[in-house]
Each structure stands twice: as C-alpha cells, then as structure tokens.
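Fold and contact review
Here's the letter readout for the chains.
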Amino acid sequence: MANLKELRNRIASVSSTMQITSAMKMVSAAKLKRSQDAIVQMRPYAEKLTALMGNVTATLDASENPYAQERPIQKVLIIAMTANRGLCGAFNSSVIKRTKTVADQYEAQGASVAVFTVGKKSRDLLKKTMNVVGEELEVVNQVNFEGAQRVADVAMQGYVQGQYDKVVMVYNQFKNAAVQLLQEEQLLPVQPAQSTEGQAGDYIYEPTKVSLLEELIPTSIKSQVFKALLDSQASEHGARMTSMHKATDNATSMRDGLKLQYNKARQAAITNEILEIVGGAEALNG
Amino acid sequence: MALHVDILTPEKSLFKGEATAIQFPGTEGLFQILTDHAPIMASLAQGSIVIDGASGRTTVDIQGGVVEVSNNVVSVLAR
C-alpha cells in the first residue's frame, strides 16, 4: 500500500510542475509578442538611418572618423548578451560557449580580451574564468534606447580612448519563436556603410556634412546595440516558450505514465482484498 | 501639396501625418521648412518640433537628432 501513496505524491508533484511550466510558457508567449512588436517598430528608423548614412558617406570618406579607425588588434572587448534568468533551453549557454571560443581565437592571435556582460547569466558564468570589465542587468528586463546607449557608451568611450581596438557583440538573433541564430557581430571599428550610387542627391547640409556624419555614426552604433538587445530579448522569450512547451509535454506524458501505474496498483490491491475476503468466506463455509 | 512628415525614434513613431509648415530646433538655430523646400539634411538640437497642419498645431519634444527633407517628404530621426 505504501507504493500507492508514493505514486499519488509523485503524480501531484508532476502536475504542479506542469502547471508552472505551462504558465511560464503562456507568459513568454505574451512577452514574445511584445518583443516582436518592438523589433518591427525599430525597423523604419533603422532603414532611414542606413539610407542617410549611405547618402552622406557616398561623397565623404568616413574612415577619418574616430569610430572607424582600424588599429592593430591588441585589446578586444566582447559584449556578451544573455538573459537575467534561466529555464530557456540553450539560449544562455550557447552565448557563453561562443564568447569563450571567440575569446580563445583572439587570444591565440596575441590579443588580450575583456568581456562586458549584459544579463545576469553571462555575468555569473563568465566572471570566474574571464576578465569581466562591466555589467548591465537592468536593460534586459526592459529593453529601451537609454539602456542600449549605456552599453554603447562603454564600448565607444573605451574605443576612442584606445582601451580597446575592436568591439564585438555575441548575441542571439531572433528568427522565429523556435529558432535563434547565434551571432557574432563587429561593433567597432564601424564598418563603412554601403554607399550605393545615385543615392547622394543635391542636398543642403547643415551645419556641414562632416558634423552630420559625426552625429550619425554614434547614433548608428547605438541603434546597432539596441537592435541586438531587442533581438536577444525576443530570442529569450522564444527560447523559453519552446523549452517550457517541451517541459509541459514531457510532464504530461510522465503524469499519464504514473497514472496508469497508479491505477494498475490500485486494481491489484482491490483484487487482492476480494481474494482475501472470498478465501476467508470459503474457509468458514468449509 | 502638403509635406509628409514622419518623426521616428528607435522605440516608436512619434508623429506621422501631413503638414504645411514645420519648425525645427536646428543645432545652428531655429528654422522652418515649407512645401517645396530644397533637399536638406540638418542636425537637430534639444527642443520642440512645431508642426502646422490642417488640423492645427502639434508640438513634439525631442532630445536631438537629424532631419532629412526631399521631395516634400520630411523624415526626422529623433532621440
């Protein structure tokens, strides 16, 4: 009979886990919708910015800009973007793994590597093994442009002051709810914008073309970080939704198996009891 | 012929619509754009964009940014 009680307890615990995972799935699905909307909202701005950059750089060499100078790579900053929380499949660990391989690559070339972590997970896991120079946790909860600006400012200041010769971002790009593409993207030095022919119209530039470019380049760096953060956020919710869906499915099949076992044990117990009663009655009659 | 105005930030669109005249807080001082303005690209300082349209006057506050005008299409990348 102890077996019956044990099974009952296990069924109860699996069911309550299932409730949690399915609730988490619902929450992530709702948040995913919002994150996807934010990406869509960002798109016209990004497109316009690229067009303006292309226009200005079509007739002007951008390589003079302090953010575009190619230097021999001695110090590299890696911005690793993860979530603040776990339970989202391979989302965090893939970023961490990639960060380590990228760091190894640069170290093999003789460069020293520093890491800036976005999100609690990358901070906690990379702190022990790597040179973590800064962290940003707030922006992961609610991605906004100010947060992206904070991250971008660290990279931009370090780059201009010569602390870093190259800045790369490692993050998950959002493809759809089930698929995230792990990306390694160069942030600094700025890669020259694709200047398409015929894009440069006869514009009046105010104050000057050079100062406009000085305004546009930092803006585009910030928006690149912002886009990466939005992608990472949407990917996080997508990854969590998928993994919680799987967890719920697994819990369901586990609970069904346990229920079957429980019912079998219960029937066996009843049959046993009846046999005992019948046996007892026959002994009295005989 | 009216101006098509689109004021964008990375997070959302602040204004989208038609206007007859728009005043900008340029880094070199205030300036106004009317219809059929020559193509211009200008950086903006902190201040407010004043849009005069058919339905009256709208004011949008920005922290800075860039404006591009060409063919009566005004796009503002604001901060």
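You'll find the structure just up there.
Structure report, in brief.

**Examining the overall build of chain B**
- Looking only at helices and strands, one finds zero helices and nine strands in chain B.
- When the helices and strands of chain B are listed from N to C terminus, the series reads β-β-β-β-β-β-β-β-β.
- Its C-alpha atoms give chain B a radius of gyration of 11 Å, near enough to 12 Å, the size a compact globule of 79 residues would have.
- Every one of the 79 residues in chain B was classed for burial, and the buried ones make up 33%.
- If you take every contact in chain B between residues at least 6 apart in sequence, the share linking residues at least 24 apart comes to 45%.

**Topic: the pairing of strand β2 (residues 112-118) of chain A**
Residue and element names in this part refer to chain A.
- Burial of β2 is extensive: five of the seven residues sit out of reach of the surface.
- Pairing geometry for strand β1 (residues 75-81) and β2, over seven bridges, is parallel. Within β2, the residue paired with L77 across the bridge is A114.
- Strand direction decides the pairing type here: β2 and strand β3 (residues 132-136), joined by four bridges, are parallel. By the bridge assignment, T117 is partnered in β3 with E135.
- Viewed along the sheet, the connection from β2 through helix α3 (residues 120-126) into β3 turns out right-handed.

**A look at the nonpolar core**
All names here are of chain A.
- Judged by nonpolar contacts, the single largest core of 81 residues is most densely connected at I78, I79, M81 and A155.
- With 14 residues, helix α6 (residues 209-285) is the single largest residue contributor to this core.
- Not counting the four nearest positions on each side in its chain, I78 is found in contact with T99, V102, A103, V113, V115, V168 and V170.

**Quick word on the pairing of strand β5 (residues 179-188) of chain A**
Residues and elements named next belong to chain A.
- As paired strands, strand β4 (residues 166-176) and β5 are joined by nine bridges and run antiparallel to one another. Counterpart to N176 in the pairing with β5 is V179.
- Once β4 ends, the chain turns through two residues before running back antiparallel as β5.

**Details of helix α5 (residues 145-160) of chain A**
Residue and element names in this part refer to chain A.
- End to end, α5 covers 21 Å across 16 residues, agreeing with the expected 22 Å (1.5 Å per residue, within 8%).
- Along α5, the residues classified as buried are F145, G147, A148, Q149, V151, A152, V154, A155, M156, G158 and Y159.
- The first or second residue beyond α5 is G162, which carries a positive phi of 85°.

**Describing the interface of chain B and chain A**
- Counting residues at the interface gives 19 residues for chain B and 22 residues for chain A.
- Counting residues per element, the ones that place at least two in the side of chain B that touches chain A are β5 (40-44), β8 (65-70) and β9 (73-78) of chain B.
- Grouping the constituent residues of the side of chain B that touches chain A by class yields nine nonpolar, six polar and four charged.
- The sheet contact formed by strand β6 (residues 204-206) of chain A and β5(B) spans three bridges and is parallel. Bridge pairing links A:E206 to B:A42 in β5(B).

**Digging into unusual backbone geometry**
- Residue A:P189 follows A:L188 across a cis peptide bond; omega there is -5°.
- Relative to the helices and strands, A:P189 resides in the loop between β5 and β6.
- Across the junction of A:E206 and A:P207, the peptide omega takes the value 0°, indicating a cis bond.
- Within the element layout of this structure, A:P207 appears in the loop between β6 and α6.
- Its identity as a non-glycine residue notwithstanding, B:D36 has a phi of 60°, on the positive side.
- Looking at the secondary structure, you find B:D36 in the loop between β4 (29-34) and β5.
- Among the residues examined, B:D36 registers 9 C-beta atoms within 10 Å and is labelled exposed.

What counts as what
Residues numbered from 1 in each chain as written. Chains lettered and ligands numbered in written order. Predicted model: local features only at pLDDT ≥ 70, side-chain atom pairs only at ≥ 80, totals over all residues. Helix = DSSP H or I, 4+ residues; strand = E, 2+ residues; numbered from the N terminus. Rg over C-alpha atoms; globule rule 2.2 N^0.38 Å. Buried ≥ 20, exposed ≤ 12 C-beta atoms within 10 Å, placed from the backbone. Contact = placed C-beta atoms within 7 Å. Pairing = 2+ DSSP bridges. Right-handed = clockwise from strand over helix to strand, strands pointing away. Core = buried A, V, L, I, M, F, W, Y, C linked by C-beta atoms within 7 Å. Expected span 1.5 Å × (residues − 1). Nonpolar A, V, L, I, M, F, W, Y, C, P; charged D, E, K, R; others polar.

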